[in-house]
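So you can see what is in the structure, the chains are spelled out below.
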Number of protein chains: 10
Amino acid sequence: MKYLVRMDVSLPTNLDVRERTELLEREKAYAQQLQRDGVWVHLWRVVGQYANYSIFDVGDHDHLHRILQDLPLFSHMDISVTPLATHPSALS
Amino acid sequence: MKYLVRMDVSLPTNLDVRERTELLEREKAYAQQLQRDGVWVHLWRVVGQYANYSIFDVGDHDHLHRILQDLPLFSHMDISVTPLATHPSALS
Amino acid sequence: MKYLVRMDVSLPTNLDVRERTELLEREKAYAQQLQRDGVWVHLWRVVGQYANYSIFDVGDHDHLHRILQDLPLFSHMDISVTPLATHPSALS
Amino acid sequence: MKYLVRMDVSLPTNLDVRERTELLEREKAYAQQLQRDGVWVHLWRVVGQYANYSIFDVGDHDHLHRILQDLPLFSHMDISVTPLATHPSALS
Amino acid sequence: MKYLVRMDVSLPTNLDVRERTELLEREKAYAQQLQRDGVWVHLWRVVGQYANYSIFDVGDHDHLHRILQDLPLFSHMDISVTPLATHPSALS
Amino acid sequence: MKYLVRMDVSLPTNLDVRERTELLEREKAYAQQLQRDGVWVHLWRVVGQYANYSIFDVGDHDHLHRILQDLPLFSHMDISVTPLATHPSALS
Amino acid sequence: MKYLVRMDVSLPTNLDVRERTELLEREKAYAQQLQRDGVWVHLWRVVGQYANYSIFDVGDHDHLHRILQDLPLFSHMDISVTPLATHPSALS
Amino acid sequence: MKYLVRMDVSLPTNLDVRERTELLEREKAYAQQLQRDGVWVHLWRVVGQYANYSIFDVGDHDHLHRILQDLPLFSHMDISVTPLATHPSALS
Amino acid sequence: MKYLVRMDVSLPTNLDVRERTELLEREKAYAQQLQRDGVWVHLWRVVGQYANYSIFDVGDHDHLHRILQDLPLFSHMDISVTPLATHPSALS
Amino acid sequence: MKYLVRMDVSLPTNLDVRERTELLEREKAYAQQLQRDGVWVHLWRVVGQYANYSIFDVGDHDHLHRILQDLPLFSHMDISVTPLATHPSALS
């Protein structure tokens, strides 16, 4: 079941460099593991913004919420979620 | 080059049934041809709405505009376009 | 799996009385059947508006979209859908 | 008498861990007591957000305001309230 | 129990003069009866607009919804409703 | 001459308790004096929010602005003002 | 007492030419009379739009509402009104 | 003196084909004459929309308003205008 | 050439009293000099808000931008600018 | 391929003067180099605001994103990007 997710990141300006680097590395590792698991199926950067549009494919709402809530950057993000259904004209 | 496109359809209420059917069939054939061509790479229905989110993959803005402008439903749609870049954490 | 759905109805002003009555009766019968089926689990009127907030409980997005699209009033409504997850403080 | 309530939580980033834990535990205990009292009748998490949609069932506006104002997280929340009436098509 | 209600009127431009006059007279009579009943306790015109802000005092949401739905102009209005509680600094 | 005024309060989180108490007491005394003077004619709490809707009755815009600007909480508030005229259907 | 007023005009597309001309002439005569009376003290066109910003100087809200409601174009306009007070740095 | 202008076109659906063609030809001729005159210095299509962003270079506001008001499509457009100043980092 | 300018002031809460007083005095002196110069032709307070609506009369956009950018409060303001043209019904 | 880009700058108020000067000098040098390279083809100041509208001409989305992300002021800006296509009435 697909969801379109938009994440807008806003890091605190007073974050120290090491903490920031460590945080972003954990975020990246987490995102890549979920891609390998087939759960985070697309991940695109919004041009000009510290934001992404993503497609998630999970079995239910609770699963998606747990995944998003566990994002290392979760508390620094605005996230919006749109449920997607099969389109009658889609070939696949 | 990827674009996220959202289309919201609003058909005139006085459209006669035959005209409507013919219009929707042309729209569907057009959408499926573009999918076969590898240009309209994803097409999802927004749950509960006469709307879709789509991913297009084309070489430049002019090409995308021609494709969208030639949609049989173009004059009955609100369309918004977001350019997407490669995300540094994306595996593919 | 729960969804919060808001529906805002806007009937065309030129609808004739019989057509309108028949449409609203079909809508009511449809809504009540879905309630008996355990799919449309709550249905409330927004005070002062021709609108409702509802809770649906269905297995997946496609199922919810089919249900909403088949509403007799579908083409006269603005519908918005919010997916709901289990809350950690909820007792039931 | 039913109200749909949406709460969006935004904790200060400089809250210390112990204070935060203690605050969230008080919030949870308070929310569960109100559920047991039959006042906070539904509580759902908005997927991907630190927010909930809830249904309250109380006798009047003053009662609802006292309950919301006494939420341990009240000063860290944006709250919106929509009064709900009985829907003529609702079975229960 | 008090509610702040805002009503924005938008009459169809093709309404014939007699129908319009009759409609507005029924609206006025209805509004004045509710004022005499102590239910519609304040009624003010928004300067420069075909709109009003009103205060209603009724026992519950269902009662308010019935009153608003029965307004002769109901189908030509946008209505928004804000529940009001007692303010701790109010003298009366 | 009547004005509808909405005030949304947002106190700084780092205000110390004594300062906060003293500020709120001055606000309350000021609001009650204006009510006794017949200037602040209604004061209601917006349910679920640190906000109020009020009706002021003053002779001119300058008078209203002086009153609002002198509110002890003025610098912590968002205020919006709507001028109200006599409604032709109002009985009083 | 000053008010900033913005008027956005939206004429029905099916208005016949003679009716339109007559309507606009009455609007102009009315606007100029109010300027001569010292009531409509400024009148500016918003560049690129069928809209104006104006300053009115009247004794009270009821007077302003009567003036605006009697505009020949009133039923084809969106009007917003902002009350203006004396600014402490203004020389006149 | 530069202005950024955005025009969103919305043609009536019942326009007959000949009238529409004639209207669009006049619009095009007018736009091209203004480009030759050095007044309409840039003209771009917004991808996916019947809309454009343009740069005008004229001596004063009145001149720009006359130009826009004389657009054959003026009554079918929403137009917004943003005045642009020289940027201190601009090379030309 | 006229511009309608709206300025919304938001002073930092931690500004010390002397700095604040000095800043506001410079702002006032600057505003009054521009009024004497015939550039800042009207200045009104928005009732209930730390905001003003103003009319500027300058020869070009660059001049207006320099004036606004040099306001002592510039970095604490949100400013919006609307270019105004001569209205065909204006007497002066 | 053209993009309209709007950048709104919001510098932290606690930035020290030297850091601020150095930051703005790097921003200016960077902007001017991109103009010399033919990539940042127009740069205008929005009158009255710490903001600009710009036109970029680059080969693809990824290139534009890298350029914007490398702006020395990137983390202090809100940026929005609109893809522009060739307009059929444009002469050049």
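All chains use their own residue numbering, which begins from 1 and follows the written sequence. Written order determines the labels here, with chains lettered from A and ligands numbered from 1. Given that the model is predicted, a residue must reach a pLDDT of at least 70 before its local features are reported, and side-chain atom pairs must reach 80 or more before they are shown or counted; all residues, however, enter totals for whole chains, interfaces and linings. Neither water nor hydrogens contribute to the side-chain values; these are computed over all heavy atoms in the structure.

### Section: the overall build of chain A
Then, number 1: Strands here are runs of E lasting at least two residues and helices are runs of H or I lasting at least four, both read from the DSSP assignment and numbered beginning at the N terminus. A tally of helices and strands in chain A yields two helices and four strands.
Then, number 2: The secondary structure elements of chain A, listed N-terminal to C-terminal, are β-α-β-β-α-β.
Then, number 3: When its C-alpha atoms are laid out on the principal axes, chain A stretches across 50 × 25 × 20 Å.
Then, number 4: Counting all 92 residues of chain A, 52% fall into the buried class.
Then, number 5: Across chain A, contacts joining residues at least 24 apart in sequence account for 67% of those joining residues at least 6 apart.
Then, number 6: Accessible surface computed for chain A: about 4300 Å², of which carbon and sulfur atoms make up 46%.
Then, number 7: If the 9 positive side-chain charges of chain A are averaged to one point and the 12 negative ones to another, these points end up 6 Å apart. Remark: exposure states derive from per-residue accessible area (1.4 Å probe, protein chains only) relative to the maximum for the residue type, with buried under 20%, exposed over 50%, and partly exposed in between. Any two residues whose heavy atoms approach within 4.5 Å at even a single point are treated as in contact. For accessible areas, the Shrake-Rupley method is used with a probe of radius 1.4 Å. Any residue's cover is judged against the shown protein chains and nothing else. Positive charges come from Lys and Arg, negative ones from Asp and Glu, while His and the chain ends are left out of the count. Taken as the charge centre is NZ of Lys, CZ of Arg, CG of Asp or CD of Glu, depending on the residue.

### Points about the pairing of strand 3 (residues 51–57) of chain G
Residue and element names in this part refer to chain G.
Then, number 1: Of all seven residues in strand 3, six are buried; the element is thus mostly enclosed.
Then, number 2: Between any two strands, at least two bridges found by DSSP are needed for them to pair. Here strand 2 (residues 40–46) pairs with strand 3 via five bridges, running antiparallel. What sits directly across from arginine 45, in strand 3, is asparagine 52.
Then, number 3: The antiparallel pairing of strand 2 with strand 3 creates a hairpin that spans four residues between the two strands, and glycine 48 there sits at a positive phi of about 85°.

### Observations regarding the confidence of the model for chain A
Then, number 1: pLDDT is a per-residue confidence score from the predictor, ranging from 0 to 100. On average, residues of chain A carry a pLDDT of 97, and 100% of them reach 70 or more.
Then, number 2: The complex prediction reports pTM at 0.97, with the ipTM value standing at 0.95.

### Considering the sheet that holds strand 1 (residues 2–9) of chain H
Then, number 1: If you trace the eight strands once around the closed barrel, you get 1(H)-3(H)-2(H)-4(J)-1(J)-3(J)-2(J)-4(H), paired in antiparallel fashion. For this sheet, the mean inter-axis angle between neighbouring strands, taken without regard to orientation, is 35°.
Then, number 2: Inspection of the sheet shows strand 1 (residues 2–9) of chain J paired to strand 3 (residues 51–57) of chain J by seven bridges, in the antiparallel sense. Note on strand 3 of chain J: the bridge partner recorded for J:Asp8 is J:Ala51.
Then, number 3: Between N-to-C directions, angles span 0 to 180 degrees; the directions come from axes that are lines fitted to C-alpha atoms, helices contributing only their stretch in contact. Most of the contacts of helix 2 (residues 61–69) of chain H go to strand 1 of chain H, to which it runs at about 20°, and overall it touches strand 1, strand 3 (51–57) and strand 4 (77–86) of chain H.

### A closer look at the interface of chain B and chain A
Then, number 1: Contacts between the two partners involve 26 residues from chain B, matched on the other side by 26 residues from chain A.
Then, number 2: Where chain B abuts chain A, roughly 2500 Å² becomes buried across the two surfaces, and 67% of that area is made up of carbon and sulfur atoms.
Then, number 3: Here, a salt bridge means any side-chain nitrogen of Lys or Arg that lies within 4 Å of a carboxyl oxygen of Asp or Glu. Between chain B and chain A we count zero salt bridges in total.
Then, number 4: Elements represented by at least two residues in the side of chain B that touches chain A include exactly strand 1 (2–9), helix 1 (17–36), strand 2 (40–46), strand 3 (51–57) and strand 4 (77–86) of chain B.
Then, number 5: Gly is placed with the polar residues, together with every amino acid not listed as nonpolar (Ala, Val, Leu, Ile, Met, Phe, Trp, Tyr, Cys and Pro) or charged (Asp, Glu, Lys and Arg). Class assignment for the residues of the side of chain B that touches chain A results in 14 nonpolar, eight polar and four charged.
Then, number 6: Of the pairings in the sheet, the one linking strand 2 (residues 40–46) of chain A to strand 4 of chain B comprises three bridges and is antiparallel in character. Summed over both partners, the accessible area (1.4 Å probe) lost when two parts come together is defined as the buried area.

### What to know about the relation of the copies chain B and chain A
Then, number 1: Once chain B is rotated about the relating axis by 180° and shifted along it by 0.0 Å, it coincides with chain A to within an RMSD of 0.0 Å. The symmetry that links the two subunits is that of a two-fold axis.
Then, number 2: Comparing contact sets, 100% of the residues at the interface of chain B also lie at the interface in chain A, consistent with an isologous, same-surface contact. In superposing the copies, a least-squares fit is computed on C-alpha atoms, taking residues whose pLDDT is at least 70 in both.

### Description of the interface of chain D and chain F
Then, number 1: The interface of chain D with chain F comprises eight residues on the first partner and six residues on the second.
Then, number 2: The junction of chain D with chain F conceals about 570 Å² of combined surface from both sides, 66% of it contributed by carbon and sulfur atoms.
Then, number 3: Contact with chain F buries area across many residues of chain D, yet D:His65, D:Phe74 and D:Ile79 alone supply 58% of it, more than any other trio.
Then, number 4: Contacts described as polar in this section are N or O atom pairs within 3.5 Å, which, within protein, must combine one atom able to donate a hydrogen with one able to accept it, while residues neighboring in sequence count only if both atoms come from side chains. There are two residue pairs in polar contact (both at pLDDT 80 or more) connecting chain D and chain F.
Then, number 5: Mapped onto the side of chain D that touches chain F, the elements with two or more residues apiece are helix 2 (61–69) and strand 4 (77–86) of chain D.

### Here we look at the pattern of salt bridges
Here the idea is simple: oppositely charged side chains can pair when their charged atoms come close.
All names here are of chain F.
Then, number 1: A complete count under the given rule lists 30 salt bridges over all chains for this structure.
Then, number 2: For arginine 26, the salt bridge goes to glutamate 22, with nearest N and O atoms at 2.9 Å. Taken together, the residues span about one helical turn, with arginine 26 and glutamate 22 both in helix 1 (residues 17–36) at a distance of four residues.
Then, number 3: Arginine 26 sits in the partly exposed class, given a relative accessible area of 42%.

### Some words on the arrangement of the chains
Then, number 1: Regarding chain B and chain E, which are not in contact, the minimum distance between any of their C-alpha atoms is 17 Å.
Then, number 2: You won't find any contact between chain D and chain I; their C-alpha atoms come no closer than 17 Å.

### Some thoughts on the relation of the copies chain D and chain F
Taken together, a rotation about one axis and a shift along it account for how the two chain copies relate.
Then, number 1: It takes a turn of 72° to lay chain D on chain F, together with a shift of 0.0 Å along the axis; the resulting RMSD is 0.0 Å. On the angle and the small slide along the axis, the relation comes out as a five-fold axis.

### Structural notes on the environment of G:Ile67
Residue and element names in this part refer to chain G.
Then, number 1: By secondary structure assignment, the location of isoleucine 67 is in helix 2 (residues 61–69).
Then, number 2: The spatial distance from the C-alpha of isoleucine 67 to the C-alpha of tyrosine 30 is 9.6 Å, given a sequence separation of 37 residues.
Then, number 3: Beyond its immediate stretch of four places on either side in the chain, isoleucine 67 contacts Tyr30, Leu34, Val39, Phe56 and Val58.

### Here's the deal with the sheet that holds strand 3 (residues 51–57) of chain F
Then, number 1: Strand order around the closed barrel formed by eight strands is 1(E)-3(E)-2(E)-4(F)-1(F)-3(F)-2(F)-4(E), with antiparallel pairing between neighbours. Within the sheet, the average angular offset between the axes of one strand and its neighbour, ignoring direction, is 35°.
Then, number 2: When strand 1 (residues 2–9) of chain E meets strand 4 (residues 77–86) of chain E, the two strands line up antiparallel, connected through eight bridges. Each bridged residue has a counterpart across the sheet, and for E:Met7 the counterpart in strand 4 of chain E is E:Ile79.
Then, number 3: Packing of helix 2 (residues 61–69) of chain F onto the sheet brings it into contact with strand 1 (2–9), strand 3 and strand 4 (77–86) of chain F, and relative to strand 1 of chain F it is tilted by some 20°.

### Quick look at the side chain of B:His87
Then, number 1: With respect to the helices, strands and loops of the structure, B:His87 is situated in the segment after strand 4.
Then, number 2: Once you skip the residues sitting within four places of it in the chain, B:His87 turns out to touch A:Leu43, A:Trp44, A:Arg45 and A:Asn52.

### Some points on helix 2 (residues 61–69) of chain B
Then, number 1: Every buried residue of helix 2 of chain B is listed here: B:His61, B:Leu64, B:His65, B:Ile67 and B:Leu68. Buried residues of helix 2 of chain B fall within an arc of 160° about the axis and therefore sit on the same side. By definition, the arc is the one covered by directions from the helix axis to the C-beta atoms.

### Some details on the side chain of C:Thr82
Then, number 1: Mapped onto the fold, C:Thr82 is located in strand 4 (residues 77–86).
Then, number 2: For C:Thr82, the contacting residues outside a window of four places in its chain are C:Tyr3, C:Leu4, D:Val46 and D:Tyr53.

### Overview of the packing of aromatic side chains
The geometry of an aromatic ring pair is captured by two quantities: the separation of the ring centres and the angle between the planes.
Residues and elements named next belong to chain G.
Then, number 1: Working definition: rings of Phe, Tyr and Trp (its six-membered ring) pair if their centres are within 6.5 Å, and the pair is stacked with planes under 30 degrees apart, edge-to-face with planes over 60 apart, and tilted otherwise. By the definition in use, this model includes 10 aromatic pairs over all chains.
Then, number 2: Ring geometry for tryptophan 40 and phenylalanine 56: centres 4.7 Å apart, planes at 35°, overall tilted. Placement of the pair is tryptophan 40 in strand 2 and phenylalanine 56 in strand 3, with a sequence separation of 16 residues. The same class applies to tryptophan 40 as to phenylalanine 56, namely buried.

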